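# Reading the structure
Residue strings, one per chain:
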Amino acid sequence: MKPMGPIPPEFAAQQGALIIGGRSASAWMEGRDGPLFVYDPAIVAARVARFRAAFPTIDLHYAIKANPFPPLLAAMAAMVDGFDVASSGELAKVTDLGRPVSFAGPGKRDAELTAAIAAGITLNLESEGEARRALAIADRLGRTPRLAVRVNPDVELRGSGMKMGGRPSPFGIDAERVPALVRDLIAAGADWRGFHIYAGSQALDPQAIIDTQAATIALAARLAEAAGQAPPLVNLGGGFGIPYFAGDSPLDIERVGAALTEALDARSEILSDTRFAIELGRWLVAEAGVYLAHVVDIKDSGGERFAILDGGLNHQLAASGNFGTVVRRNYPLALAHAMGAAADQTLSVVGPLCTPLDRLGDRIALPRPDMGDIVAIFLAGAYGASASPAAFLGHGPADEVLAR
Ligand SMILES: *Cc1c(COP(=O)(O)O)cnc(C)c1O
C-alpha cells in the first residue's frame, strides 16, 4: 500500500458525505454522466484573507494559468489587485474584469503585443527583441506602452518544483543586460513599470522563499542603481507551494510575511517609493477545487484490484504524475460518500484511457467502492481542466462549476 497526500482541512475528517460549498458531492453530480470539477470560491477567499494578513503592504496578483475558469476569475476580481496572464487567450478572459493586468511569457506574437498595448496593460518583456517589437507597435498605434522588464535572476528558488532562474533560460533577460534595456525603454518614451522577477514554483520551505525574496529585493536595487531609475513596481514572483503528497506540510506564509516586512524595512533608498507584488497561482486556488468522477468498473488482476473511473489524466494530468513530477506519488483521494470510513481495501484508481500512465491512485487504501460511486480527487483547483490533454482519446472535457 502507498500513502496519499493530505486532504485539505476544509474537506478532511467529515463524517460521511463529502461537502463542497454546502452541497454533497452526490448532489453536485446529480444527473451528470461524466466527471466534474467543483471550485469553492469561499476557500479562495480564505486563502486571500490569510495572504492579506501576512503581507499587509504587498499587492496580490493571480497568475490565471493555474485556473482560468471564467466564473472563478469573475469571483476573484474583487479579491486580488491584479491578474497575470501569459497569452492573448488569457488576456481576453480578464480584460472585462476591471483589474490591472500584466502579460508575461516568452514568444509573444505581434498580435499579442498589439492587443496588450491597445488594452493599456503592462507587458513583462522577455527579451530585447520583444522590447523592440513592442516599441515599434506602440509607435504605430500612437500609444505609450506600459513596459516592465522580466529579469532572469541570478538567484533561484531552492527546493522549488520548477526552477526558472539562475541559469540559461527562455524566461526573462539576463540580469547584467537589464539596466541598459531599462535606459533604452525610457529613452524611447515608454512608461517603464519596473521589474518582474520570478525564481520558481511549488516551494514548501519558508526559508527558501525568504532567502529568494531577500535576494530578489537586493537584485532589484542593484539593477535600479545601475539603470539610474527607481522602479514603480517590483513583482517578486511567487512560488508558494501546496502540500500535494504524504509528508508535505503546508507553507508557513506568516513566517514568510514577517521576514519580507523586515527585508523591505531594510531596503535600499532607491526602492523607497516602489510598490511590491507577489503573483500566486496554485496557492490561491488548488485546494479550492475537487474533481469528481464515477466508478465505471471494478476488476481484479494479478492479485490487485482496480477501480476504473470515467475520467483520468485527460482531465487531471497532474494527479496522474505526468505534469512536471519526477516520481509518481498519490494526490489525496476519497470515496465521496464514505469520508472517514474504514479504508480496508487496497486498490489502484485508474482512468479510462488506453495508456498505463492513466493512474490517479496507485495502490491506495480506500473503503470498498461500488459501481457508480463517486471518487473525489482533491487539489484539483489548479492545473487541472486547463492543463490536461482533454482531447486525448476523445472522451471530451470535464464540466466545471463554481460552488456558491
Ligand atoms: C506559472 C507561473 C506562476 C504561477 O505559479 P504557481 O506555482 O501556480 O504559483 C506565476 N508566475 C509566473 C511567471 C509563472 O510562470
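Residues numbered from 1 in each chain as written. Predicted model: local features only at pLDDT ≥ 70, side-chain atom pairs only at ≥ 80, totals over all residues. Heavy atoms only, no water.

### Quick word on the overall build of the chain
Which entries qualify depends on this criterion: A run of DSSP states H or I qualifies as a helix once it reaches four residues; a run of E qualifies as a strand once it reaches two. Both are numbered from the N-terminal end. The globule rule is 2.2 Å times the number of residues to the power 0.38, and the radius of gyration it is compared with is taken over C-alpha atoms. Here the term buried applies to any residue with accessible area under 20% of the maximum for its type, exposed to any over 50%, and partly exposed to those in between, with areas from a 1.4 Å probe on protein chains only.
When you go through the chain residue by residue, the secondary structure sums to ten helices and 21 strands. What you see for the chain is a C-alpha radius of gyration of 22 Å, in line with the 22 Å of a compact globule of 404 residues. For the chain, the C-alpha atoms occupy an extent of roughly 70 × 45 × 40 Å along the three principal directions. Among the 404 residues that make up the chain, the fraction classed as buried is 54%.

### As for the pattern of salt bridges
Once their charged atoms are close, side chains differing in charge can pair, the charge on each being opposite to the other. Rule in force here: Salt bridge, as used here: a side-chain nitrogen of Lys or Arg that lies within 4 Å of a carboxyl oxygen of Asp or Glu.
This model, assessed by the stated rule, comprises 20 salt bridges. Note that R52 and D81 form a salt bridge whose closest N and O atoms lie 2.8 Å from each other. Here R52 is found in helix α2 (residues 41–54), whereas its partner D81 is found in the loop between α3 (70–76) and β5 (82–85), with 29 residues between them in sequence. K108 is paired through a salt bridge with E130; the nearest N and O atoms lie 2.7 Å apart. Separated by 22 residues along the polypeptide, K108 in the loop between β6 (101–103) and α5 (110–119) and E130 in helix α6 (residues 128–141) bring together distant segments of the chain. Here K108 matches E130 in class, with each residue buried. Among the charged side chains, a salt-bridge network with shared partners connects K2, R359, D362 and R363.

### Observations concerning α5
Just so we agree on the cut-off: Here, the arc refers to the directions that run from the helix axis to the C-beta atoms. Note on definitions: a residue-residue contact is assigned when non-hydrogen atoms from the two residues lie within 4.5 Å.
Considered for burial, the residues of α5 that qualify are E112, L113, A116 and I117. Projection of α5 onto a plane perpendicular to its axis shows the buried side chains occupying an angular sector of 125°, all on one side. Turning to α5, the residues buried within the fold contact α4 (88–94), β6, β7 (122–125) and α6. G120 sits one or two positions beyond α5 and adopts a positive phi of about 75°.

### Let's talk about the site of the ligand
Where we set the bar: We define proximity as follows: a residue is near a molecule or strand when any one of its heavy atoms falls within 4 Å of that partner. By the criterion applied in these results, polar contacts are pairs of N or O atoms within 3.5 Å in which, for protein atoms, one can donate a hydrogen and the other can accept it, and in which residues neighboring in sequence qualify only through two side-chain atoms. Residue burial considers only the protein chains on display, and all accessible areas are found by Shrake-Rupley using a 1.4 Å probe. Any residue outside Ala, Val, Leu, Ile, Met, Phe, Trp, Tyr, Cys, Pro, Asp, Glu, Lys and Arg is labelled polar, Gly included; the first ten of those are nonpolar and the last four are charged.
Residues in close proximity to the ligand include A63, K65, R150, H196, Y198, S201, E279, L280, G281, R282 and Y383, which together make up its full environment. Take K65: an N or O atom from its side chain is 2.8 Å from an oxygen atom of the ligand. The protein chains hide 91% of the 390 Å² of surface that the ligand would expose on its own. Broken down by class, the residue content of the shell around the ligand amounts to four nonpolar, three polar and four charged.

### Describing the UniProt feature "active site" (unreviewed entry) in the chain
Stated formally: UniProt positions are given in the numbering used here, feature names are shortened, and annotations may be inferred rather than shown by experiment.
The UniProt record annotates "active site" (unreviewed entry) at C354. By secondary structure assignment, the location of C354 is in the loop between β18 (345–350) and β19 (359–366).

### Examining the domain arrangement of the chain
Test applied: Where each domain starts and ends comes from a domain assignment, either automatic or drawn from a database. Two parts placed together each lose some accessible area under a 1.4 Å probe, and adding up what both lose gives the buried area.
Assigned domains of the chain: these are domain 1 (9–39 + 286–402) and domain 2 (68–280). The C-alpha-based centres of domain 1 and domain 2 are spaced at 34 Å. Taken together, the 13 residues of domain 1 in the interface contact nine residues of domain 2. The largest share of the area that domain 1 buries against domain 2 comes from R329, L379 and L402, three residues that together contribute 36% of it. Summed over the shared surface of domain 1 and domain 2, the number is zero salt bridges. Where domain 1 packs against domain 2, one counts zero residue pairs in polar contact (both at pLDDT 80 or more). Here the element with the most residues in the side of domain 1 that touches domain 2 is strand β21 (residues 399–402); it accounts for three residues. Among the residues forming the side of domain 1 that touches domain 2, the class breakdown is seven nonpolar, three polar and three charged.

### What about the side chain of Q213?
Its place among the elements puts Q213 in helix α8 (residues 206–227). On the basis of relative accessible area, Q213 is assigned to the buried category, the value being 4%. Ignoring any residue separated from it by four or fewer positions in sequence, one finds Q213 in contact with F240, V256, L260 and I278.

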